[in-house]
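# Structural characterization, general
Here are the chains, one letter per residue:
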Amino acid sequence: MLSWLLPWRVAALSILIVSCGGSSDSAEERWLEDTSAPLPARLSEVGIYQDISTRTAYDDMISYVPNHVLYSDGLEKERHLYLRVSATIDASGSAWTFPIGTVLVKTFVDGDAPVETRLIFRTEAGWDYAIYRWLSDASDAERLEGNWPEVPVILTGGRPHTLPSRLDCRTCHETHEAVAGVPVLGIGSLQTSADLVAAGVFSGTPELEPVEGRTEEETAALRYFVGNCTSCHNGGDSINSAFSLYPDVAAANTIGEPTESETGEGIRVVPGSTEQSVLYISVVEASKPEYPGPFKVMPPLGVDIADEQAELVLRNWIESL
Ligand code: HEC
Ligand code: HEC
């Protein structure tokens, strides 16, 4: 008798809870206040947005922009950092420490339409990733579950884009973690802006490293590398790291240096010649569908529509040498 009654009672109770919760805004639960609970299936329950239809974030979501952004098929990005009350990022050592409960959010927007929201968060158990795909009416987004695969999507105008798999997240963020101690790529000594420091999220004053080359053209190239290449090319010894493109060594590691590519031969950067520079070929030529050569396209993940700005920056730099 009791076992037959119980499911009904549980269902009735949950209807009651849902209707109560819905009637009062102040009682709304936000997953990010207690990340030990399972991740919600809907983005609206994560607790980033006060109003998800306009993507208006709660006041405690700190909006920020890294100094050197990653190109992703020309999509706009909205980034937010969440820290628990009075928690701060410890930037005193060379590896910055983010407190348990840190949630980092990046929403990709196509014109006015949100496409995907990516999360990186730190719980008692360690760092983890999530991705939510927005519904076509932009009313909410649904989480891709488990070890989700890559998901191709179509942007406005028929342009292609791919939602990265969990393994893709790890390829960029954990190759970085192996050398930097944290998987966070857009908050560190090279990436942190004065605005984020002023927002009071750090304990102490972090040491920031402005990126400057010997010339204007080189500065632009080094900044492009920080945003788009150093997640993998960071001098670590993992298979993804290969050579370092960090600002202090990028020129020395590329100009006149032979490639260690497993698929082709040549010099990474030949002064004055984009045609002969393996680095330029890998980013620009290899991104074309008709490219017949041996090199893998760079970056190997995250780009379906070639970055025209990158072509210009690399050309200007190589021709200036
Ligand atoms: C091609 C490499 C690459 C892949 C793949 C990738 N990311 Fe990132 N991600 C970056 C870089 C570089 C940044 C920092 C620069 C920026 O935000 O423009 C970043 C930033 C972020 C941020 C903001 C916090 C931070 O680290 O700066 C989040 C959240 C994030 N990524 C989540 C994810 C998730 C989740 C996945 C997988 C679904 C993923 N990323 C896949 C390279 C990558
Ligand atoms: C997701 C990780 C990842 C990212 C991001 C990435 N690369 Fe690579 N890169 C690799 C791997 C793995 C290889 C080795 C492939 C091979 O054998 O050629 C490689 C090879 C290369 C090579 C040829 C190998 C060599 O020793 O010269 C060049 C040049 C290169 N990358 C440049 C770049 C540039 C420039 C960027 C940024 C636009 C970039 N890569 C972004 C992973 C990455």
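Here, residues in each chain are numbered from 1, in the same order as that chain's written sequence. Labels follow written order: the first chain is A, the first ligand is 1, and so on. Predicted model: local features are reported for residues with pLDDT of at least 70 only, side-chain atom pairs are reported and counted for 80 or more only, and whole-chain, interface and lining totals are derived from all residues. To obtain the side-chain values, all non-hydrogen atoms of the structure were included, while hydrogens and water were left out.

## Some remarks on the overall build of the protein
To keep things clear, this is the line we draw: Every helix listed is a DSSP run of H or I at least four residues long, and every strand listed is a run of E at least two residues long, numbered separately from the N terminus. For every residue, the accessible area (1.4 Å probe, protein chains only) is compared with the maximum for its type, and the residue is labelled buried under 20%, exposed over 50%, or partly exposed between those bounds. Contact definition: two residues touch when any of their heavy atoms are within 4.5 Å.
Helix and strand counts for the protein stand at seven helices and 12 strands. C-alpha extents for the protein along the principal axes are approximately 80 × 50 × 35 Å. Taking all 321 residues of the protein together, 42% fall into the buried category. Partitioning the contacts of the protein with sequence separation of at least 6, the portion at a separation of at least 24 is 50%.

## Observations concerning unusual backbone geometry
Excluding glycine, residues mostly have negative phi values, and the peptide bonds linking residues are mostly trans. In this structure, Pro299 follows Met298 across a cis peptide bond, with omega equal to -10°. Tracing the sequence through the fold places Pro299 in the loop between α6 (278-283) and α7 (308-320). We note that Ser86 has phi near 65°; this positive angle belongs to a residue other than glycine. Inspection of the secondary structure puts Ser86 in the loop between β4 (76-82) and β5 (89-90).

## With respect to the environment of Arg223
Within the secondary structure, Arg223 sits in helix α4 (residues 216-228). Here the alpha-carbon distance between Arg223 and Ile187, two residues 36 residues apart in the chain, equals 15 Å. Apart from the residues lying within four places of it in its own chain, the contact partners of Arg223 are His68, Val211 and Glu212.

## Section: the coordination of the iron atom of ligand 1
The cut-off we apply is this: Atoms are scored as donors when they are N, O or S and lie within 2.8 Å of the metal, with 3.2 Å used for Na, K and Ca; no water is included, so coordination may look incomplete.
Counting protein donors around the iron atom of ligand 1 gives one, His173 (NE2), at 2.1 Å. Here His173 is to be found in helix α2 (residues 166-180).

## Focus on the coordination of the iron atom of ligand 2
What counts is decided by this rule: Donor angles set the geometry label: tetrahedral for four donors if every angle is between 85 and 135 degrees, square planar for four and octahedral for six if opposite donors exceed 155 degrees and the others are between 65 and 115, irregular for anything else.
Each protein donor to the iron atom of ligand 2 is listed here as His233 (NE2) and Met298 (SD); together their distances run 2.0 to 2.2 Å. Considering all six donor atoms around the iron atom of ligand 2, the spread of angles at the metal, 86 to 179°, places the coordination shape in the octahedral class. One end of the pair, His233, is in the loop between α4 and α5 (250-254); the other, Met298, is in the loop between α6 and α7, and 65 residues separate them in sequence. Under the relative-accessibility criterion, His233 is labelled buried at 13%.

## Considering the pairing of strand β10 (residues 151-154)
Operational definition: Here, a strand pair is defined by DSSP locating no fewer than two bridges between the strands.
Side chains of β10 alternate between two faces, with Val151 and Val153 buried and Pro152 and Ile154 left unburied. Examined bridge by bridge, β10 and strand β11 (residues 160-163) share four bridges and lie antiparallel to one another. Counted as the bridge partner of Val151 is Leu163 from β11.

## Structural notes on the site of ligand 2
What counts, and what does not: Throughout, near means a residue has at least one heavy atom within 4 Å of the molecule or strand. We call two N or O atoms a polar contact when they sit within 3.5 Å, provided that within protein one can donate a hydrogen and the other can accept it, with sequence-adjacent residues counted only if both atoms are side-chain atoms. Each residue receives one of three labels: charged for Asp, Glu, Lys and Arg, nonpolar for Ala, Val, Leu, Ile, Met, Phe, Trp, Tyr, Cys and Pro, and polar for the others, Gly being one of them.
Surveying the vicinity of ligand 2 reveals 24 residues, the closest of which are Cys229, Cys232, His233, Arg268 and Met298. Within the contact set of ligand 2, an oxygen atom lies 2.9 Å away from a backbone nitrogen or oxygen of Glu260. The separation between an oxygen atom of ligand 2 and a polar side-chain atom of Arg268 is 2.7 Å. When contributions to the shell around ligand 2 are tallied by element, the ones reaching two or more residues are α2, α4 and α6. For the shell around ligand 2, the per-class residue count stands at 12 nonpolar, eight polar and four charged.

## A short note on the confidence of the model for the protein
Spelled out, the test is: By definition, pLDDT measures how confident the predictor is in each residue, and it falls between 0 and 100.
When pLDDT is averaged along the protein, the result is 91; 91% of the residues meet or exceed 70. Low pLDDT, under 50, characterises residues 1-26; the predicted model gives this stretch zero contacts beyond four residues in sequence or across chains.

## A word on the nonpolar core
Selection criterion: What makes a nonpolar core is a set of buried Ala, Val, Leu, Ile, Met, Phe, Trp, Tyr and Cys residues whose side-chain atoms join them at distances within 4.5 Å.
Judged by nonpolar contacts, the single largest core of 27 residues is most densely connected at Leu81, Ile89, Ile187 and Phe202. Elements with a minimum of two residues in this core: β6 (103-110), β7 (113-123), β8 (126-134) and β10. Setting aside chain neighbours within four positions, we find Ile187 in contact with Tyr64, Leu81, Trp96, Phe98, Leu104, Thr192, Leu196 and Phe202. Counting 21 residues, the second largest nonpolar core, distinct from the first, contains Val226, Phe243, Leu279 and Trp317.

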